[in-house]
Amino acid sequence: MAAARPTGSRSGALCRQLLLTLTILTFASDACKNVTLHVPSKLDAEKFIGRVNLKECFKSANLIHSSDPDFQILEDGSVYTTNAILLSSGKRSFTISLSNTENQEEKKIFVLLEHQTKMSLLVPWLCLVAEVLKKRHSKEKVLRRGKRRWAPIPCSMLENSLGPFPLFLQQVQSDTAQNYTIYYSIKGPGVDQEPKNLFYVERDTGNLYCTRAVDREQYESFEIVAFATTPDGYTPELPLPMVIKIEDENDNYPIFTETTYIFTVSENCRVGSTVGQVCATDKDEPDTMHTRLKYSIIEQLPASPTLFSMHPKTGVITTTSSQLDREFIDKYQLKIKVQDMDGQHFGLYTTSTCIINIGDVNDNLPTFTRTSYVTSVEENTIDVEILRVTVEDKDLVNTANWRANYTILKGNENGNFKIVTDPKTNEGVLCVVKPLNYEERKQVILQIGVVNEAPYSREASSRSAMSTATVTVSVKNQDEGPECSPSAQTVRISENAPVGTTSSGYKAYDPETRSSSDIRYKKLNDPKGWVTIDENSGSIKVFRSLDREAEFIKNGIYNITVVASDRVGRSCTGTLGIILEDVNDNGPAITKPTLTICKPVMAAAEIVAIDPDEPRNGPPFDFSLETSDSEVRRMWRLTKINDTAARLSYQNDPPFGQYVVPVKVSDRLGQSKVTSLTVTLCNCVTENDCTSRAGPRVGGGEVKLGKWAILAILLGIALLFCILFTLICGASRTATQPKVFPDDLAQQNLIVSNTEAPGDDKVCSTNAFTTHTVGTSAQGICGTTGSGVRHGGQETIEMVKGGQQTLESCQGAGHHRTLDPCRGGHVEVDSCRYNYSEWHSFTQPRLGERVHLCNQDDNHKHAQDYVLTYNYEGRGSAAGSVGCCSERQEEDGLEFLDNLEPKFRTLAEACMKR
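Residues numbered from 1 in each chain as written. Predicted model: local features only at pLDDT ≥ 70, side-chain atom pairs only at ≥ 80, totals over all residues. Heavy atoms only, no water.

Q: So what exactly am I meant to see when it comes to the overall build of the protein here?
A: Tallying secondary structure elements over the protein gives eight helices and 55 strands in all. Looking at the protein as a whole, 40% of its 914 residues are labelled buried. In the protein, the proportion of contacts linking residues at least 24 apart, taken out of those at least 6 apart, comes to 65%. Within the structure as shown, the protein displays about 51400 Å² of accessible surface, and the carbon and sulfur contribution to it stands at 51%. (Helix = DSSP H or I, 4+ residues; strand = E, 2+ residues; numbered from the N terminus. Buried < 20%, exposed > 50% of the residue type's maximum accessible area, 1.4 Å probe, protein only. Contact = heavy atoms within 4.5 Å. Areas by Shrake-Rupley, 256 points an atom, 1.4 Å probe, with all protein chains shown as cover.)

Put into structure tokens, the structure is as follows:
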């Protein structure tokens, strides 16, 4: 429903009741050259008198102009009066000029105004116009054959028309009516569809009528279909679609989307800050003057000063001043208006209310209600409230702009006080958190300040100073007990000091008299009972021997706890730290008393010593063998590595087993300690290999084999079978010619060879070393140092001259002949039936005896022709190792190990991985 119209003058109502008819007369071939508007003889100013369809005349007009200043033409073709007009002459005309600046075209529409003061004269005039049109079209049909009169005719009517009804709209006519009797009929919305019976057509004449007023906001247009038929039902024409457009009338008021708008803007905001936006709607035809809205502020409460403005097209409200002050006025009310017709005074309008709340900002600092305060507190009291201070703040209560934060600016350097905010009252509560001492300070003056939780919003240049106040705190004296100050005290005593040694102990004093008299002392805690304390003086006496190196002593300080009390029983507790001065009473000790040396890969082991004394009584250390046994000194050697470590190495190739080596370590001042090292010489690659099993070369024990060791054994067994098979085959094909060893071989040492090549050149040579006969079949024991041979009813052992022999070289079925390099004859050698362990156990002690005997003559003196053992002179020495009887092989003579066959290399790698 359209909003109720405001009451107008009687003449205005009469004008709205008149039918404003737009008749377009077509002359020649142009349909928009002449327009006739029927209006009352008297027209008020700014009165709508009709609408011209400009789109059919000129689709793109950039400029629209009226030749008569009493009329104005809008973009949609609406014609309004600009002044009050009286058509006394009966007729008045003016011209509408349409220009297209792009195409430089121009068209003109001639508008004829005919006044009718009585509605009774309107209908005959319309009939006359229809008759003229009928005759003109009949004439045109004769003159121009082929042009038919059965086409859509533009038709419109003004909404909310006052009649009289039925209201003639136009005539529908077919050219076939000249030859036939034609009956006209219509169908569609407004006829036989809702809203029914709004339109009808006269059957014989084709005149189209409207029966009642129409609201455009309900029906913008009607699409009906006209039919032309003969009495017998023949239809000479196709159905004619017709569109009846309802012309809009400004009959709807613009309506705000809300009855009351509520916005908030911060105080002291800048000019032009957006407050909010209002919006309104209008049900009239869009994109016309009827819906072109304009917003404005009618009234502001409080009225002065004017602080807000509204954009006329968008409805955005902004500030026009930066003097908004919430503390002065916290709310404004605006009466706003929206009006159509672009705000012209004859447009329809409505009003609404807008409430603007002023938001608070922190533009007021809190201030103390007093500038100075006086309070008191007893000494030695803590966690007590001694004062409450209050502030004033004009900002909004219970907000961050109002809540206060207090701080102590001066006088609290010792941290005795703190001030907090009471959240309920916003007061500052001053408390004592650390006891005060009357004897030190009898009065404390504090300066306190206050700010808000929210930062101050003013510019830095205009920010005022923080509000401050002075608090004077008087300290009340109390009768207090002794004071242990400092609580931790120290004395120095040498360790191992004689029992009865005295030293100054712990001292406490009366804080009022600053005297230590009448104070009694006693021990509260003495972990080892090393000292006693004098009850009257607090001095200490050594009760037991002091040991700085005791396990519970840290950093050389022994702590005891002392209680000092006065006559009435008031006491304090302190700690006395006895700093034990170091005495060189400990010799260096070796940290690891057991060592393992893997003989195949290691020649020495490192030993490390530590001294529990201070560094001035410690390194550098001196390492030496502490024994008179020449055998130990001949077998072991110590070499210093650094100030705290040495290297223990074996020499003269001792056999596998465990040995006890006494080592003496001395510090820089001569304090020493002897440690008996247990050294294990083991046939291993890593120490874990030796510690995880007890092999036959280091003693009995349980043998534990890993999967890699088992695999290596199986591979070794397979390899031995291959070598045995090769030896047997090679022996059968051996030539009978003797092979002679060259005489210029460089070395004549007993060596262990791992070369097991086949052939009959594996010999067991003999020399002057005689062994015991084994068995009745004169079977000899063969090994790496020599072979047993049959010679003159006596078995001898001879050192190999530069050759390499193995135990397996003598293992074979039956006898075979070998070459004796010493005698140049053939000897028979029995197969060896003993394993390496038995051979080693049998030959080693006997060989040692023979070597020892070779070292002496009949008078038990050293033989002159005996080659003595020389020390190793290092890799690269021109002399090399010159000991002929030494079992220790030089590393330079083992280059053949780098050229082992693939099978031996694979076996060695498997053993190393294990």
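Past the structure itself, the notes keep going.
Q: Whenever I open this one, the pattern of salt bridges confuses me. Can you help?
A: Side-chain pairs of opposite charge can arise where the charged atoms are in close proximity. Within the structure shown, the criterion is met by 13 salt bridges. In this structure, the salt-bridge partner of Arg-326 is Asp-360, at a minimum N-O distance of 3.1 Å. Of the two residues, Arg-326 is situated in the loop between β24 (316–319) and β25 (331–339) and Asp-360 in the loop between β26 (349–359) and β27 (367–368); the sequence distance between them amounts to 34 residues. With a relative accessible area of 14%, Arg-326 lands in the buried category. Overall, Asp-360 belongs to the buried group, its relative accessible area being 17%. The partner of Glu-427 in a salt bridge is Arg-388, with the nearest N and O atoms 2.9 Å apart. In this pair, Glu-427 is assigned in the loop between β32 (417–421) and β33 (428–432) and Arg-388 in strand β29 (residues 384–389), connecting sequence segments 39 residues apart. Salt bridges here are not isolated pairs; linked through shared partners, they connect Arg-216, Glu-217, Glu-220 and Asp-248. (Salt bridge = Lys/Arg side-chain N within 4 Å of Asp/Glu carboxyl O.)

Q: Please explain the sheet that holds β29 as it appears in this structure.
A: Note: strands within a sheet are paired through backbone hydrogen bonds, in either parallel or antiparallel orientation. Taking strand neighbours across the sheet as the criterion, the three strands line up as β29-β33-β32 in an open arrangement whose pairing is antiparallel. In the strand order of this sheet, the two ends are held by β29 and β32, each with one partner. Between one strand axis and the next, the sheet turns by 25° as a mean value, whatever way the strands run. Across five bridges, the pairing between β29 and β33 is antiparallel. The partner of Val-384 across the bridge, within β33, is Val-432. (Pairing = 2+ DSSP bridges. Axes fitted to C-alpha atoms, helices over the stretch in contact; angles between N-to-C directions.)

Q: What exactly am I supposed to notice about the packing of aromatic side chains here?
A: Between two aromatic rings, the relevant description is the distance of the centres plus the angle of the planes. Considering all chains together, one arrives at 13 aromatic pairs under this definition. Residues Phe-256 and Tyr-261 carry aromatic rings whose centres are separated by 6.2 Å and whose planes lie at 75° to one another, so their mutual orientation is edge-to-face. Neither residue differs from the other here; Phe-256 and Tyr-261 are each classed as buried. With centroids separated by 6.1 Å and ring planes inclined at 45°, the aromatic side chains of Phe-368 and Tyr-406 adopt a geometry described as tilted. On the criterion of sequence distance, the pair formed by Phe-368 in strand β27 and Tyr-406 in strand β31 (residues 404–410) is long-range, its members being 38 residues apart. Tyr-406 matches Phe-368 in its accessibility class, with the two residues each being buried. (Phe/Tyr/Trp six-rings, centres within 6.5 Å; stacked < 30°, edge-to-face > 60°.)

Q: Before we go on, may I ask you to explain unusual backbone geometry in this structure?
A: Glycine aside, the phi torsion of most residues is negative, and most peptide linkages are trans. Phe-165 connects to Pro-166 through a cis peptide bond whose omega is 0°. For Pro-166, the location among the structural elements is in the loop between β11 (155–158) and β12 (167–171). For the bond from Glu-194 to Pro-195, the omega torsion is -5°, close enough to zero to count as cis. The topology assignment puts Pro-195 in the loop between β13 (183–187) and β14 (199–201). Even without a glycine there, the phi angle at Asn-160 is positive, about 55°.

Q: Could you clarify how one ought to interpret the state of the cysteines in this entry?
A: Linking two cysteines covalently through their sulfur atoms gives a disulfide. Tallying each qualifying case throughout the model produces two disulfides. Through a disulfide, Cys-484 is tied to Cys-572; the S-S separation comes to 2.0 Å. The sign of the 75° torsion about the S-S bond sets the Cys-484-Cys-572 disulfide as right-handed. In this pair, Cys-484 is assigned in the loop between β35 (467–476) and β36 (488–494) and Cys-572 in strand β42 (residues 571–581), connecting sequence segments 88 residues apart. Cys-484 sits in the buried class, given a relative accessible area of 12%. Take Cys-572: its relative accessible area is 11%, and that puts it in the buried class. Bridging Cys-598 to Cys-684, the disulfide has an S-S length of 2.1 Å. Taking the torsion about the S-S bond as the criterion, the Cys-598 to Cys-684 disulfide, at about -100°, is left-handed. One end of the pair, Cys-598, is in strand β44 (residues 594–598); the other, Cys-684, is in the loop between β50 (672–682) and α5 (687–691), with 86 residues separating them in the sequence. Comparing Cys-598 with Cys-684, the two get one shared label, buried. No disulfide involves Cys-210; its sulfur sits 9.4 Å from the nearest other cysteine sulfur, which is in Cys-155. (Disulfide = S-S within 2.5 Å.)

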